[in-house]
Amino acid sequence: MTMKQHRRLPKILWWACAVAALGGFLFGFDMAVVSGILPLVTKQFSLSAFQQGWFVSSALVGCIAGVAVSGELGDRYGRRPVLVLAAILFLASALGCGLLPTFQTIIVARILGGVGVGIASSMVPLYISEIAPANIRGRLVTYYQLAVTLGILVAYLSNAFLVQTLSGAVALSGWIGVWFQEEVWRAMFIVGALPALVFLLGLLGIPESPRWLLQKGRVAAGTALLTRFVGEAEATADAQSRQRQQGQRRGSYRDLFSPRLRKPLLLGLLLPFFSQFCGINAIIYYGPSILNDAGVSLSNSLQSQIIFGAANLAFTLIAVWKVDQLGRRPLYLIGTAAAALSLMAVGACMYTENTQGLLLLFSVVIFLASFAFSIGPLKFVVAAEIFPAHIRGRAIALSIMVMWVADTVIGQLTPVLLESIGAGFTFWFFAFWCILAFVVVYRLLPETKGKSLEDIQDEWFAKNSG
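Given the structure is predicted, the values throughout are model-derived calculations rather than measurements. (Residues numbered from 1 in each chain as written. Predicted model: local features only at pLDDT ≥ 70, side-chain atom pairs only at ≥ 80, totals over all residues. Heavy atoms only, no water.)

Some points on the pattern of salt bridges
So, point 1. With the rule as written, the count across this model stands at three salt bridges.
So, point 2. For the salt bridge of Arg 79 with Asp 75, the shortest nitrogen-to-oxygen distance reads 2.9 Å.
So, point 3. The closest approach of N and O atoms between Arg 79 and Glu 130, which form a salt bridge, is 2.9 Å. Of the two residues, Arg 79 is situated in helix 4 (residues 79–99) and Glu 130 in helix 5 (residues 103–131); the sequence distance between them amounts to 51 residues.
So, point 4. For Arg 79, a relative accessible area of 2% translates into the label buried.
So, point 5. Connected via shared salt-bridge partners are Asp 75, Arg 79 and Glu 130. (Salt bridge = Lys/Arg side-chain N within 4 Å of Asp/Glu carboxyl O. Helix = DSSP H or I, 4+ residues; strand = E, 2+ residues; numbered from the N terminus. Buried < 20%, exposed > 50% of the residue type's maximum accessible area, 1.4 Å probe, protein only.)

Focus on the environment of Leu 265
So, point 1. Relative to the helices and strands, Leu 265 resides in helix 14 (residues 262–277).
So, point 2. Sequence separation of Leu 265 and Ala 383 is 118 residues, and the distance between their C-alpha atoms is 9.0 Å.
So, point 3. Setting aside its immediate chain neighbours within four residues, Leu 265 contacts Leu 256, Phe 257, Phe 387 and Leu 398. (Contact = heavy atoms within 4.5 Å.)

What about unusual backbone geometry?
So, point 1. With a phi close to 50 degrees, Ser 46 is a non-glycine residue in the positive phi region.
So, point 2. For Ser 46, the location among the structural elements is in the loop between helix 2 (11–45) and helix 3 (49–77).

A short note on helix 14
So, point 1. Between the first and last C-alpha of helix 14 there are 22 Å, a value that for 16 residues agrees with the 22 Å anticipated at 1.5 Å per step.
So, point 2. Regarding helix 14, the residues found buried are Pro 264, Leu 265, Leu 267, Gly 268, Leu 271, Pro 272, Phe 274, Ser 275, Gln 276 and Phe 277.
So, point 3. Positioned one or two residues after helix 14, Gly 279 has a phi angle of 100 degrees, which is positive. (Expected span 1.5 Å × (residues − 1).)

A closer look at the packing of aromatic side chains
So, point 1. In the structure shown here, the tally under the stated rule is 23 aromatic pairs.
So, point 2. When the centroid spacing of 6.5 Å and the interplanar angle of 40 degrees are considered together, the rings of Phe 274 and Trp 433 count as tilted. Taken together, the residues Phe 274 in helix 14 and Trp 433 in helix 20 (residues 422–444) connect sequence positions 159 residues apart.
So, point 3. Residue Phe 274 is classed as buried on the basis of its relative accessible area of 4%.
So, point 4. With a centroid separation of 5.5 Å and an interplanar angle of 40 degrees, the aromatic rings of Tyr 351 and Trp 428 are classed as tilted. Taken together, the residues span a long stretch of sequence, with Tyr 351 in helix 17 (residues 328–351) and Trp 428 in helix 20 at a distance of 77 residues.
So, point 5. Of the residues examined, Trp 428 reaches a relative accessible area of 29% and is grouped as partly exposed.
So, point 6. The ring of Phe 55 has Arg 110 sitting right over it, with the charged end atom 5.2 Å from the ring centre. (Phe/Tyr/Trp six-rings, centres within 6.5 Å; stacked < 30°, edge-to-face > 60°. Lys NZ or Arg CZ within 6 Å of the ring centre and 35° of its normal.)

Regarding the environment of Ser 121
So, point 1. Relative to the assigned elements, Ser 121 resides in helix 5.
So, point 2. Overall, Ser 121 belongs to the buried group, its relative accessible area being 0%.
So, point 3. Each C-alpha atom, one on Ser 121 and one on Phe 27, is 7.3 Å from the other, the two residues being 94 residues apart in sequence.
So, point 4. Residues contacting Ser 121, with those up to four places away along its chain left out, are Phe 27, Val 67, Tyr 144, Phe 380, Ile 400, Met 403 and Trp 404.

On their own, these measurements won't tell you what the molecule is for.
Here it is, written out as structure tokens:
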């Protein structure tokens with residue numbers, strides 16, 4: 001796509017994508033902010049390794065619950081109302097984690113925020129995929145992952161600022177002193193309330209998914225809105241495809257597990273699973289703790305996290321730039337191979353206690369770069385493309401639920417692995433899953449770039465019929 005064509009795209013498309021992508025920003029912020037908070041909360045509440053895992057994974061339990069209801073709610077009530085619910089939960093969680101007094105009540109607020117993350121993680125890529133023109137759908141869905149990485153980076157920056165700047169400032173009194181000096185981790189949480197409020201207000205100004213309107217039989221409204229998003233030619237083709245499928249029964253989970261959808265379902269489950277077992281969230285959640293244990297001060301480990309977050313953001317731009325040119329499959333293969341090699345190097349640094357030089361930092365950056373342009377964003381792109389319209393909401397919800405279940409396991413398992421087998425073997429464990437991901441992608445993943453959702457759907461049915 002040329003820059004001239006890029007500028008011709010309708011403003012309503014960019015506005016709707018930008019607002020929806022704020023859900024990704026909050027997803028990234030909410031998940032990453034805990035990395036700087038964890039050492040401080042551990043010290044204040046004297047948390048055990050198990051409690052540290054629960055502090056991290058409690059939000060992930062909420063994510064699973066959010067994803068579990070998002071598919072049904074999104075298919076029944078529409079994409080936008082469910083996103084509004086997610087925004088409310090984000091706001092309540094940020095304020096609750098910052099203001100509630102006890103560890104137990106903070107866990108409840110973390111779970112509520114997790115529900116919001118779970119809803120956003122399935123509904124945002126689904127909404128964007130349903131309003132995007134076929135020729136740039138991969139790019140627009142990848143903007144969601146770009147927003148996730150931006151949220152991660154902002155969380156790192158705000159954490160470092162609060163620890164390094166405000167904690168050393170003139171002594172503050174009252175509740176301000178508690179927030180910004182005595183218990184600075186509370187301010188780290190509260191920062192997330194501002195983007196949550198912006199997300200909530202922005203959602204009130206964007207339309208419902210036109211493809212959801214068409215799925216519900218609101219043909220005139222859906223076609224008119226889809227024409228504004230993708231143009232008359234693609235909207236007409238979509239309407240014709242839906243006419244051919246009029247006899248198709250209403251989507252159910254039973255249909256999702258039918259033989260004709262076996263391959264897309266397998267991909268939809270394995271790709272998000274691998275994205276968590278590759279170890280990305282061990283670095284996001286436990287990065288400062290791991291570096292601290294390796295002899296790096298908390299202040300310097302937070303600075304390292306900023307470098308990690310910047311690399312994650314920068315290399316996600318490669319996915320945005322190339323996903324609709326190179327395609328999904330080549331990026332996945334390159335990314336999984338590079339991720340496996342870099343994790344092996346990280347494990348070697350940890351095993352040999354070579355943690356003070358540049359090799360560890362370089363290896364982590366290469367891993368984050370590999371994840372950022374492949375494993376991270378493409379699972380959302382593929383999941384939003386490969387399922388038929390009548391089952392898409394439930395299918396994506398199930399796919400993302402697998403991601404959060406795997407993430408919950410990793411969140412709870414990582415401190416136990418670090419304590420029992422050490423950091424070196426822990427990162428080699430993650431490298432094994434990257435190798436397995438490479439094999440699965442090589443054998444199963446087809447190329448979907450440039451094809452309309454309806455064309456992809458027709459191809460799946462043609463391959464698996466008869």
